Structures are given as C-alpha cells and as structure tokens.
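Structural features, examined
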Amino acid sequence: MKEEGQAAPPLPDRLSVDPASPHHLAAVFEHEIGIRFNDKERSDVEEYCVSEGWVKVAAGKTLDRKGKPLLIKLKGKVEAFYR
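Worth saying up front: this structure is predicted, and the values here are computed from it rather than measured.

Conventions and cut-offs
- Residues numbered from 1 in each chain as written.
- Predicted model: local features only at pLDDT ≥ 70, side-chain atom pairs only at ≥ 80, totals over all residues.
- Heavy atoms only, no water.
- Core = buried A, V, L, I, M, F, W, Y, C linked by side-chain atoms within 4.5 Å.
- Buried < 20%, exposed > 50% of the residue type's maximum accessible area, 1.4 Å probe, protein only.
- Helix = DSSP H or I, 4+ residues; strand = E, 2+ residues; numbered from the N terminus.
- Contact = heavy atoms within 4.5 Å.
- Pairing = 2+ DSSP bridges.
- Axes fitted to C-alpha atoms, helices over the stretch in contact; angles between N-to-C directions.

**Side note on the nonpolar core**
One finds L15, V28, I33, I35, F37, V45, Y48, V55, V57 and V78 forming the largest nonpolar core, which totals 10 residues. Mapped onto this core, the elements with two or more residues apiece are β2 (33-37), β4 (45-49) and β5 (54-63). It is β2 that contributes the most residues to this core, three residues altogether. Those residues in contact with V28 that sit more than four places away from it in its chain are P9, P10, L11, P12, L15, I33 and Y82.

As structure tokens, this is what we get:
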C-alpha cells in the first residue's frame, strides 16, 4: 500500500529484478509494478526495456550454470506502470 506522503519514483526505461544487475533500482521495487506486453499483462517478467521493445522471461525451469533461471528475450510492445 502507498503511504500518502511517499511518491513513487518515475519508472526507468530499463529495469531488472536481479539485484546484481546494473539495471536494478531498489527504490522502484518498494511499489507494485505491472508490465503490459503486447496488450497483455504479464507477471513473469524478469527484465524489460521499453525503448527497445523487449522483455526477458524465464525459460521454464531451466537454470544457467550459476543457478539463475535461463532467460529468453521476447520482442513486442512494452508498457510499464504502477499498480
């Protein structure tokens, strides 16, 4: 829930949920974020870029050699918003 005195920071063009990524912004994740990809709301997005028009999602249960989900890039229309 949003507190009255706290405004949400503007959503960046590119954002990642991985804390080790240079595109991770902890302040943004204090609020609930929604991603609309090709006019459908998705909840499984790991990373997105609005200007380049792509999202990265986990490829099933496959893991890379570091134990993180293997990601695939899907291209299309991307919209990010606060819920």
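**Looking at the side chain of S16**
Tracing the backbone through its elements, the reader meets S16 in strand β1 (residues 14-16). For S16, a relative accessible area of 4% corresponds to the buried category. The residues touching S16, leaving out its near neighbours within four places in the chain, are S21, H23, H24, F29, E46 and E47.

**Some words on the sheet that holds strand β7 (residues 78-82)**
Spatial strand order, β3-β2-β7: three strands in an open sheet with antiparallel pairing. For this open sheet the edge positions go to β3 (40-42) and β7, each flanked by a neighbour on one side alone. Taking the axes of each pair of neighbouring strands and ignoring which way they run, one obtains an average angle of 35° across the sheet. Sheet analysis places β2 next to β7, joined by five bridges and oriented antiparallel. Within β7, the residue paired with I33 across the bridge is Y82.

**Details of the pairing of β5**
Pairing geometry for β4 and β5, over four bridges, is antiparallel. Within β5, the residue paired with C49 across the bridge is W54. Pairing analysis gives six bridges linking β5 to strand β6 (residues 69-75), with the strands arranged antiparallel. Each residue of the ladder has a partner; that of K56, found in β6, is K73. Counting the residues between successive antiparallel strands, the hairpin from β5 to β6 contains five residues, one of them, G67, with a positive phi of roughly 90°.

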